[in-house]
Amino acid sequence: MTWRFVPAAALMAILLTSLSTHAALHSRLGGQAYYDDQLDITWATNTNHISFGTWSSRVAGMSALVIDGVSGWRLPNMDVNGDGTVEGCSFGSGQAACSDNEFGHMHFYGAGTAWNNGIVPGNPGPFTSLTIFTYWSNTLLDSTTAYAFSMSNGLVGAADIGNIFGGWAVHDGDVNPSSIVDVTYDSPVIDFGPLSFGLTELPAAPEVTFSLNAGTPAGGGATSYGLGDVLSADIIFGDVIGPNHLTAFAMEVDAGGVTTALSYSFSPIDTATVQGPVILNFPFTVTGTDIASGQAFSYTYANSDVTITPVPIPEPTSLLLLAVCGVSLVGRCRARRLGGDEIHSV
Ligand SMILES: [Ca+2]
């Protein structure tokens with residue numbers, strides 16, 4: 001098995017941004033969500049996307065929710081620091097302490113910094129369908145009891161998970177993607193087994209596309225990305241069609257813009273011809289068991305290209321520094337000047 005980059009086609013761009021915190025809600029996904037720059041999370045505009053239900057059903061609803069192509073939604077967290085204590089955000093406890101409770105912070109501070117001046121049903125700001133009823137958090141007290149919050153009066157409670165409460169979707173970080181990653185493959189080989197996925201031949205040049213947030217600095221100018229950094233993922237391979245079944249993702253980009261590691265897997269829901277999990281890696285290997293014949297199969301694409309395209313963040317005051325580097329195994333990197341923007345080699 002070989003692993004070959006094609007430098008001429010593989011461009012890597014790293015987006016470096018300089019953004020300040022404004023204590024504001026920023027429209028995202030065409031107004032379908034708002035980024036809360038104080039808590040560094042994004043709230044769905046429609047507070048009733050998945051309606052009311054039991055705690056378990058709201059958790060399941062979040063995992064299936066896709067808004068404008070973005071998955072990875074969850075219930076709000078009422079114990080962000082995980083110390084087992086839920087902050088009530090009472091007067092005098094302070095805004096910093098209140099940020100431990102995402103619901104409490106939204107209710108008492110909202111987009112601002114003044115206590116008791118937040119988002120409530122009578123003053124919902126940009127949010128829709130905000131009701132006086134109770135909302136589930138993702139914070140469990142024990143196996144049968146979860147914390148819940150009243151956006152009407154700011155009361156914290158713990159209730160049996162069988163209760164019917166609301167489910168307001170939030171997402172870690174900013175859902176505006178920082179970059180789009182396209183991975184394309186060619187030179188397919190059937191290692192063994194039958195053709196599956198409803199295919200009559202292996203696709204000549206399949207493509208996988210991810211949109212990612214800014215990732216995490218990994219030291220020395222490198223950046224690492226995990227499953228939580230993936231905002232959306234798309235793949236078409238026979239009758240395997242994304243985007244909502246990505247189960248693992250890990251990518252490392254070094255300071256020179258070279259992708260030094262990339263692996264991921266999809267576990268699509270079983271269909272007549274697909275039985276998950278289907279493991280796709282880099283280079284592109286596809287393994288599984290064909291349902292029709294019961295035989296194991298393995299396919300490999302010998303060649304891989306990675307293209308990472310930065311996505312400008314819609315902030316008028318943002319400073320964008322783009323570094324464009326040729327990707328190769330020896331880490332070739334060059335500085336460019338594009339459209340008047342200042343480009344720095346990294
Ligand atoms: Ca806590």
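Residues numbered from 1 in each chain as written. Predicted model: local features only at pLDDT ≥ 70, side-chain atom pairs only at ≥ 80, totals over all residues.

**Describing the overall build of the protein chain**
Part 1: In terms of regular secondary structure, the protein chain is built from 3 helices and 20 strands.
Part 2: Per-residue burial for the protein chain yields a buried fraction of 36% across its 346 residues.
Part 3: Within the protein chain, contacts between residues at least 6 apart in sequence are counted, and of these 56% link residues at least 24 apart. (Helix = DSSP H or I, 4+ residues; strand = E, 2+ residues; numbered from the N terminus. Buried ≥ 20, exposed ≤ 12 C-beta atoms within 10 Å, placed from the backbone. Contact = placed C-beta atoms within 7 Å.)

**Examining the sheet that holds strand S8 (residues 170-172)**
Part 1: With respect to topology, 4 strands assemble into an open sheet ordered S2-S3-S4-S8, the strand pairing being antiparallel. Whereas interior strands pair on both sides, the edge strands pair on one side only; in this sheet they are strand S2 (25-28) and S8. The mean inter-strand angle of the sheet, taken between neighbouring strand axes irrespective of direction, is 30°. (Pairing = 2+ DSSP bridges. Axes fitted to C-alpha atoms, helices over the stretch in contact; angles between N-to-C directions.)

**Some details on the environment of Asp174**
Part 1: In this structure, Asp174 sits in the loop between S8 and strand S9 (179-192).
Part 2: As for Asp174 and Asn213, which are separated by 39 residues in sequence, their C-alpha atoms are 7.0 Å apart.
Part 3: Discounting chain neighbours no more than four positions away, the residues touching Asp174 are Tyr35, Thr42 and Asn213.

**As for the nonpolar core**
Part 1: Ala44, Tyr135, Trp136, Ala148, Ala169 and Val230 are the most contacted members of the largest nonpolar core, which has 57 residues in total.
Part 2: Tallying contributions element by element places strand S13 (residues 230-237) first for this core, with 5 residues.
Part 3: Two domains each donate at least three residues to this core, and these are domain 1 (11-16 + 176-326) and domain 2 (41-172).
Part 4: Look past the residues within four positions of Ala44 in its chain and what remains in contact with it is Gln32, Ala33, His49, Ile67, Trp73, Trp168 and Ala169.
Part 5: Residues Phe284, Val286, Tyr299 and Tyr301 belong to the second largest nonpolar core, which totals 5 residues. (Core = buried A, V, L, I, M, F, W, Y, C linked by C-beta atoms within 7 Å. Domains from an automatic or database assignment.)

**Some words on the pairing of S13**
Part 1: In terms of burial, S13 is largely enclosed, as 6 of its 8 residues are buried.
Part 2: As paired strands, strand S10 (residues 207-212) and S13 are joined by 5 bridges and run antiparallel to one another. Bridge pairing in S13 places Val208 opposite Ile235.

**Considering the sheet that holds strand S11 (residues 216-219)**
Part 1: Read from one edge to the other, the open sheet built from 4 strands follows the order S11-S12-S15-S16, with strand pairing classed as antiparallel. Two strands in the sheet have a free side with no partner beyond their single neighbour: S11 and strand S16 (259-266). With direction set aside, neighbouring strand axes in the sheet form an average angle of 20°.
Part 2: Pairing of strand S15 (residues 246-253) with S16 involves 7 bridges; the strand directions are antiparallel. Its bridge partner lying in S16, Leu246 is registered against Phe266.

**A few points about the environment of Ser150**
Part 1: Looking at the secondary structure, you find Ser150 in strand S6 (residues 145-150).
Part 2: Note: C-alpha distance between Ser150 and Phe133 (17 residues apart in sequence) is 6.3 Å.

**Some thoughts on helix H1 (residues 55-64)**
Part 1: Among the residues making up H1, those that are buried are Trp55, Arg58 and Met62. Seen from one end, H1 has its buried residues packed into an arc of 60°, which puts them on one side. Exposed side chains of H1 directed beyond 90 degrees from the buried face belong to Ser56, Ser63 and Ala64.
Part 2: In the core, the buried residues of H1 are packed alongside strand S5 (134-142) and S6. (Arc of directions from axis to C-beta.)

**Thoughts on the pairing of S5**
Part 1: Relative to S6, S5 runs antiparallel, the two being bridged by 5 bridges. Bridging from a neighbouring strand, Tyr135 pairs with Phe149 of S6.
Part 2: Between S5 and S6, which follow one another and run antiparallel, lie 2 residues.

**Overview of the confidence of the model for the protein chain**
Part 1: In the predicted model, the protein chain carries a mean pLDDT of 78, and the fraction of residues at 70 or more is 77%.
Part 2: Predicted confidence is poor over residues 272-279, with pLDDT under 50, and the contacts of this stretch with residues over four places away or in other chains come to 31 contacts. (pLDDT = per-residue confidence, 0-100.)

**Observations regarding unusual backbone geometry**
Residues other than glycine predominantly adopt negative phi, and peptide bonds predominantly adopt the trans conformation.
Part 1: The phi torsion at Cys89 lies on the positive side, around 60°, for a residue other than glycine.
Part 2: Mapped onto the secondary structure, Cys89 falls in the loop between H1 and helix H2 (95-98).
Part 3: The exposure class of Cys89 is buried, given the 26 C-beta atoms found within 10 Å.
Part 4: Phi at Ser129 takes a positive value of approximately 65°, unusual for a residue other than glycine.
Part 5: Here Ser129 shows up in the loop between helix H3 (102-108) and S5.

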